[in-house]
Amino acid sequence: FAALERADPEIAHVLLAEVDRQRAGLQLIASENYTWPEVLAALGSTLANKYAEGYPGRRYYGGCAEADHAEELAVQRARDLFGADHANVQPHSGTAANLAAYAALAEPGDTVLAMELPHGGHLTHGSRVNFSGKWFHPVGYRVTPNTEEIDYDEVRDLALAHHPKLIICGATAYPRAIDFATFRAIADEVGAYLLVDAAHFIGLVAGRAVPSPVPYADVVTCTTHKVLRGPRGGMILCRAELAERVDRAVFPFSQGSPMMHAIAGKAVALRLAALPDFQGYARQVVRNAQALAAGLAAEGMRPVSGGTDTHLALVDLTGLGVTGRDAEARCDLARISLNKNAIPYDPQRPAVASGIRVGSPSVTTQGMREGEMRQIAGLIGVAVRCDPGTAPGAARLAGVADEVGALVGRFPAYAGQEA
Ligand code: PLP
């Protein structure tokens, strides 16, 4: 790090300031985590220099022996951990994994049935501003207005009416367990492929805290940087019959050379996630999210669908008369990072939103448990009610920031490391 400070003090400053930010506040963004220091070591390694287009044993470049070894380890560990026939660890991100999955399973113009974005789906599930909505024909399913859980009857009705080539489940802001068996049955009834986008919860699957989609899906796409605690990146798991199509859809169809340093980081994360400790972590992530949701409910914020089975809660703030946008900004001032989020049937536009999304992966990595979640819910309850435009509001937010500082000081992230 001293060499970086000499060569580029500005970027060195950014790195130090960011580690300070991550240590000094509460990180409640559901898609984030503190990756392992061992993963950071792999990401900062000379494997970053290596070109390795192709797959192990079938590269378009020389000198790939070590790259092959890293990728073979990552693939084998993914297959073992998830009981999958085949794994592709090359996707650069969750979006890249989804692009490759579409390419493997469908043709442009085909109908794709997936969850609507305002109900929890991801941009890659048919948004008009994304390849998925521009190149494919999206049909969206929703949650029911009363339970706020997936309306499986509507999914089936839409599947029967539109005969999609591909059905997608798995979401960005859906707190409940997904009934993969029902999705499988609907896909079979209409002859569609089933893609489970497990970007958010694959780490919970690794830790055996939620059911695995692998036995039900034709293809599972995921990210490696959320609950799983790996490097930023994507991964695809699939049945043996689809292996070649998936591999070709990643390279050469949608990507060039893989990022070998990231693949080494994925291998490390998959090894660590297979250890018994990770199961304890994943279960605590869920218990913490449940405690956080219950604590927020006690503060007058309504958990959408009544609670959570996963690592995240979606919370409706309309009862407080505070928008998601204001809540996010107020919490930021109190050093609490979370994001505004649309709730199902939200009357507000997405940039304002009526809710917030909170997640427990990062605080659980720090070692916090249910008691701290109740404390965090109380701090959020104070922060969202403070108007920073008034002197008392601003002073109270500064007070909450101090309490946040005292709390995270008891659970230091990356203790003993410099950046
Ligand atoms: N799929 C889902 C369900 C997601 O929530 C996300 C990101 O949050 C992605 C895909 C895309 O992942 P990435 O941001 O790595 O492209």
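These numbers were taken from a predicted model, which means no experiment stands behind them.

Caption draft 1: Quick peek at the overall build of the protein. Across its full length, the protein carries 16 helices and 15 strands. Against the compact-globule benchmark of 22 Å for 419 residues, the protein has a radius of gyration of 22 Å, which places it among compact chains. Over its C-alpha atoms, taken along the principal directions, the protein stretches across nearly 65 × 60 × 40 Å. For the protein, buried positions account for 51% of its 419 residues.

Caption draft 2: Structural view of the site of the ligand. In the region of the ligand, 15 residues are neighbours, and Ser 93, Gly 94, Thr 95, Thr 172 and Ala 199 sit closest. For the shell around the ligand, the element with the most residues is helix 5 (residues 94-105), which contributes three residues. Taken together, the residues that form the shell around the ligand break down as two nonpolar, twelve polar and one charged.

Caption draft 3: Spatial organisation of the sheet that holds strand 4 (residues 86-88). The strand order across the open sheet built from seven strands is 4-10-9-8-7-5-6, with neighbouring strands paired in mixed fashion. Of all the strands in the sheet, the pair left with one neighbour each is strand 4 and strand 6 (137-141). Here the average twist between neighbouring strands, direction ignored, is 20 degrees. In the sheet, strand 9 (residues 219-223) pairs with strand 10 (residues 234-238) via five bridges, with the strands oriented antiparallel. Considered in strand 10, the bridge of Thr 223 is made with Gly 234. Together, strand 7 (166-169), strand 8 (193-197), strand 9 and strand 10 form the strand contacts of helix 5, whose direction differs from that of strand 9 by roughly 165 degrees.

Caption draft 4: Geometry of the UniProt feature "site: Plays an important role in substrate specificity" (unreviewed entry) in the protein. Listed under "site: Plays an important role in substrate specificity" (unreviewed entry) in the UniProt record, and renumbered for this structure, are His 225. Tracing the backbone through its elements, the reader meets His 225 in the loop between strand 9 and strand 10. Using a count of 26 C-beta atoms within 10 Å as the deciding quantity, one classes His 225 as buried.

Caption draft 5: Up close: the nonpolar core. Among the nonpolar cores identified, the biggest contains 133 residues, and Ala 78 and Ile 167 are the most heavily contacted of them. Per-element tally for this core: the top contributor is helix 12 (residues 276-298), with ten residues. If sequence neighbours within four positions are ignored, Ala 78 has contacts with Ala 84, Ala 87, Val 89, Met 235, Leu 237 and Leu 270.

Caption draft 6: Looking closely at the UniProt feature "domain: Serine hydroxymethyltransferase-like" (unreviewed entry) in the protein. The residues that UniProt annotates with the feature "domain: Serine hydroxymethyltransferase-like" (unreviewed entry) are residues 4-380. In residues 4-380, helix accounts for 44% and strand for 15%; the two terminal C-alpha atoms are 38 Å from one another.

Caption draft 7: Spatial organisation of the environment of Gly 63. Within the secondary structure layout, Gly 63 lies in the loop between strand 3 (58-59) and helix 4 (65-82). A residue is classified by how many C-beta atoms lie within 10 Å of it, and Gly 63, with 10 of them, is exposed.

Caption draft 8: Layout of helix 11 (residues 260-273). For helix 11, built from 14 residues, the straight-helix expectation of 20 Å at 1.5 Å per residue is met to within 8% by its first-to-last C-alpha distance of 20 Å. Of all 14 residues that make up helix 11, twelve are buried, and the element is covered over most of its length. Of all the positions in helix 11, only Met 260, His 261, Ala 262, Ile 263, Ala 264, Gly 265, Lys 266, Ala 267, Val 268, Ala 269, Leu 270 and Ala 273 are classed as buried. Looking at the packing, one finds that the buried side of helix 11 touches helix 3 (37-43), helix 4, helix 9 (202-206), strand 10 and helix 12.

Caption draft 9: Expanded view of the packing of helix 12 against helix 15 (residues 370-385). Helix 15 packs onto helix 12 with a crossing angle of 35 degrees between their chain directions and a minimal axis gap of 8 Å. You can see that helix 12 and helix 15 cross each other, and the crossing is right-handed. Here Arg 287, Asn 288, Ala 291, Leu 292, Gly 295, Leu 296 and Ala 298 of helix 12 come into contact with helix 15, specifically with Glu 370, Met 373, Arg 374, Ile 376, Ala 377, Gly 378 and Ile 380. Split by residue class, the contact of helix 12 with helix 15 holds eight nonpolar, three polar and three charged.

Rules used in this analysis
Residues numbered from 1 in each chain as written. Predicted model: local features only at pLDDT ≥ 70, side-chain atom pairs only at ≥ 80, totals over all residues. Helix = DSSP H or I, 4+ residues; strand = E, 2+ residues; numbered from the N terminus. Rg over C-alpha atoms; globule rule 2.2 N^0.38 Å. Buried ≥ 20, exposed ≤ 12 C-beta atoms within 10 Å, placed from the backbone. Near = placed C-beta within 6 Å. Nonpolar A, V, L, I, M, F, W, Y, C, P; charged D, E, K, R; others polar. Pairing = 2+ DSSP bridges. Axes fitted to C-alpha atoms, helices over the stretch in contact; angles between N-to-C directions. Contact = placed C-beta atoms within 7 Å. UniProt positions renumbered as here; feature names shortened; annotations may be inferred. Core = buried A, V, L, I, M, F, W, Y, C linked by C-beta atoms within 7 Å. Expected span 1.5 Å × (residues − 1). Left-handed = near helix turned anticlockwise from the far one by under 90°.

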